[in-house]
Amino acid sequence: MTKRIHNFNAGPAALPLPVLEEMQQELLDFKGSGMSILEVSHRSKWFDEVINDAVARTRRLLNLGDDFEVVFIQGGASLQFCMIPMNLAVDGQPVDYINTGTWSTKAIKEAKTLKKQVHVIASSEDRDFCYIPKAFDIDEGAAYLHFTSNNTIKGTQWAQFPNPRTVPLVCDMSSDFMSRPFDPQPFGLIYAGAQKNIGPAGTALAIIRKDMLERVPADLPAMLKYTTFTEKNSMYNTPACVVIYVIDLVLKWLEDTVGGLANMELLNREKGKTIYDLLDRSDFYRGTADKDSRSLMNVTFRLPSEELEKRFIADAQTAGLGGLKGHRSVGGCRASIYNATGLDAVKALVEFMREFERKA
Ligand SMILES: *Cc1c(COP(=O)(O)O)cnc(C)c1O
């Protein structure tokens, strides 16, 4: 028997077990091709079916209309930080950003490097990004408003998205994409690195509203233009075939086994409540995010001392609970409980935490 741990890694992160089993099962002969999916051409009918299925499932899960394109772009979420201002900024208009942590800060830096007129209209830096800003004014004339829906490192998440009337939203959804339903209409662009919630590392998925494509400057290099990807069904060059294949399996699991994003959200809420209830009742563990801003995906907490935190992480690992170390930039502990990490794993963690506190 294979022994698997409860995986709380922040990314790359846990994948649903049925997905891994399906990969294993069809590894040597993918759908009668006599080859593994790692070996087939991206121009073959086998891969065509995979990528088209992944796009169709994304559309169904998010209720996307024909006015949206779905593409896969390598370079991770980090390449999107520069592609967005390159493609979607408009001469003479500011680009608005909300700064809620490490990833927003990086996105802002790239827009500034490209000499765009960057307005940071709100920030939670004053309290080390432990909350989501509530009050801010959006420039009505901005080309877009960029924000990060879930802050993987600081453990905060937007419960309700900003609601600009005329300015298109641009959102880094890397760490909570497909964790809950939302209305896609206010979004000009949504992007997510795959390795947090929808697959392994190697590609970002981007959803672009078609009217945004009219802004793409003709003189950008081909690989940095959104239109290159939308016009060629993400296959101008060789895409991350295997990653897209796994994403397709994860989306199939979301649709057929979980039953869609509303069900996924219910489950994620129950998981979050299970662990936050423990944090709220304890004087030993201390959650680092403000209550009204905490993330259902990344639960960040501290113990009374760094010494205890070290022991906690090591003992947990021994007990079959992996990946609980906080990001190297902030320390402490973090339990990432993405879609694929089940309630059983969260319950096992809570049980371990109670026991550790009792013995400490
Ligand atoms: C992990 C992460 C990124 C960086 O993703 P890469 O694919 O490594 O570039 C960006 N934004 C958020 C919110 C993340 O969680």
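Conventions adopted
- Residues numbered from 1 in each chain as written.
- Predicted model: local features only at pLDDT ≥ 70, side-chain atom pairs only at ≥ 80, totals over all residues.
- Heavy atoms only, no water.
- Pairing = 2+ DSSP bridges.
- Helix = DSSP H or I, 4+ residues; strand = E, 2+ residues; numbered from the N terminus.
- Axes fitted to C-alpha atoms, helices over the stretch in contact; angles between N-to-C directions.
- Contact = heavy atoms within 4.5 Å.
- Near = heavy atom within 4 Å.
- Areas by Shrake-Rupley, 256 points an atom, 1.4 Å probe, with all protein chains shown as cover.
- Buried < 20%, exposed > 50% of the residue type's maximum accessible area, 1.4 Å probe, protein only.
- Salt bridge = Lys/Arg side-chain N within 4 Å of Asp/Glu carboxyl O.
- Patch = residues over 30% accessible without salt bridge, like charges linked within 9 Å, V, L, I, M, F, W, Y side chains within 5 Å.
- Expected span 1.5 Å × (residues − 1).
- Arc of directions from axis to C-beta.
- Domains from an automatic or database assignment.
- Buried area = accessible area lost by both parts, 1.4 Å probe.
- Nonpolar A, V, L, I, M, F, W, Y, C, P; charged D, E, K, R; others polar.
- Phe/Tyr/Trp six-rings, centres within 6.5 Å; stacked < 30°, edge-to-face > 60°.
- Parallel < 35°, antiparallel > 145°, perpendicular 65-115°, else oblique.
- Left-handed = near helix turned anticlockwise from the far one by under 90°.

Peer 1: Just give me the short version of the sheet that holds strand β8 (residues 169-172), but keep the residues and values in it.
Peer 2: Strand order in the open sheet formed by seven strands is β2-β10-β9-β8-β5-β3-β4, and the pairing between neighbours is mixed. Looking at which strands have only one partner, the edges of the open sheet turn out to be β2 (68-73) and β4 (118-123). With direction set aside, neighbouring strand axes in the sheet form an average angle of 20°. Its contacts with the sheet place helix α2 (residues 45-62) against β2 and β10 (204-209), and it is angled at close to 130° to β2. Where helix α4 (residues 102-113) meets the sheet, it contacts β3 (95-99), β4, β5 (145-148) and β8, and its direction lies at approximately 155° from that of β3.

Peer 1: Report on the site of the ligand, specifying residues and quantitative values.
Peer 2: Close contacts around the ligand come from 13 residues, with S78, T152, D172, Q195 and K196 the closest. If the ligand stood free it would expose 390 Å²; the protein chains cover 87% of that surface. Residue assignment for the shell around the ligand shows that the elements contributing at least two residues are α3 (76-88) and α5 (194-197). No other element matches the four residues that α3 contributes to the shell around the ligand.

Peer 1: A description of the pairing of β8 should follow, citing residues and the corresponding values.
Peer 2: Across the two faces of β8 the burial is the same, with L169 and C171 and V170 and D172 all buried. Of the strand pairs in this sheet, β5 and β8 are connected by four bridges, and their pairing is parallel. For T148, the partnering residue across the bridge sits in β8 and is D172.

Peer 1: Requested: an account of the pattern of salt bridges, with residues and values cited.
Peer 2: Counted by the stated rule, this structure contains 19 salt bridges. Among the ionic pairs, E355 bridges to R358, the shortest N-O distance being 2.5 Å. You can see E355 and its partner R358 sitting in helix α10 (residues 343-359), three residues apart, about one turn around the helix. Salt bridges sharing partners connect three or more residues here, namely D53, R57, R60, D248 and E255.

Peer 1: Go over the sheet that holds strand β12 (residues 298-302), please, and point to the residues and values.
Peer 2: A sheet is described by the order of its strands in space; here three strands give the open sequence β11-β12-β14, paired in antiparallel fashion. The sheet is open, and its two borders are formed by β11 (286-287) and β14 (333-336), each paired with just one other strand. Across four bridges, β12 lies against β14 in antiparallel orientation. Looking at the pairing, F301 lines up with C333 of β14.

Peer 1: Provide a residue-level description of a nonpolar patch on the surface, including the pertinent values.
Peer 2: Together, L27, L28 and L38 make up an exposed nonpolar region whose accessible area comes to about 330 Å². Mapped onto the elements of the fold, L28 is located in the loop between α1 (17-25) and α2.

Peer 1: Give me the lowdown on α4, citing residues and values where you can.
Peer 2: Between its terminal C-alpha atoms α4 stretches 17 Å, which fits the 16 Å expected from 12 residues at 1.5 Å a residue. Every buried residue of α4 is listed here: S104, A107, I108 and A111. The buried residues of α4 occupy one face: seen down the axis, they fall within an arc of 100°. Along α4, exposed side chains directed more than 90 degrees from the buried face belong to K109 and T113. Of the surrounding elements, those touching the buried residues of α4 are α3, β3, β4, β5 and β6 (150-151). K115 lies just past α4 and shows a positive phi near 60°.

Peer 1: Tell me about the domain arrangement of the chain, and please be specific about residues and values.
Peer 2: As assigned here, the chain comprises domain 1 (18-258) and domain 2 (260-359). Put simply, the middle of domain 1 and the middle of domain 2, counted by C-alpha atoms, are 27 Å apart. Residue-level contacts link 27 residues of domain 1 with 25 residues of domain 2. Summing the contributions of domain 1 and of domain 2, the shared interface buries around 2,100 Å²; its carbon and sulfur component is 53%. Summed over the shared surface of domain 1 and domain 2, the number is two salt bridges. Of all the secondary-structure elements, those providing two or more residues to the side of domain 1 that touches domain 2 are α2, β7 (156-157), α5 and α7 (241-258). The leading source of residues in the side of domain 1 that touches domain 2 is α7, at four residues. Its residues placed into classes, the side of domain 1 that touches domain 2 shows 12 nonpolar, eight polar and seven charged.

Peer 1: So what about the packing of aromatic side chains? Which residues, and what values?
Peer 2: Per the counting criterion, the structure on display carries 18 aromatic pairs. The interplanar angle of 75° and the centroid separation of 6.1 Å between the aromatic rings of F136 and W158 together place this pair among those described as edge-to-face. Within this pair, whereas F136 is found in the loop between β4 and β5, its partner W158 is found in the loop between β7 and β8, the two being separated by 22 residues in sequence. Between Y285 and F312, the ring centres sit 5.9 Å apart and the planes meet at 65°, which makes this aromatic pair edge-to-face. Taken as a pair, Y285 in the loop between α8 (261-281) and β11 and F312 in helix α9 (residues 306-318) lie far apart in primary sequence, 27 residues in all. These aromatic residues form a ring-pair network of at least three members: F136, F147, W158, F161, F182 and F187.

Peer 1: I'd like to hear about the packing of α1 against α7, residue by residue, with values.
Peer 2: Two elements in contact, α1 and α7, have axes separated by 9 Å at closest approach and are oriented at 130°. Accordingly, the angle class assigned to the pair α1 and α7 is oblique. Here α1 runs over α7; the crossing is right-handed. Mapping the contact onto sequence places P18, V19, E22 and M23 in α1 and Y245, V246, L249, V250, K252 and W253 in α7.

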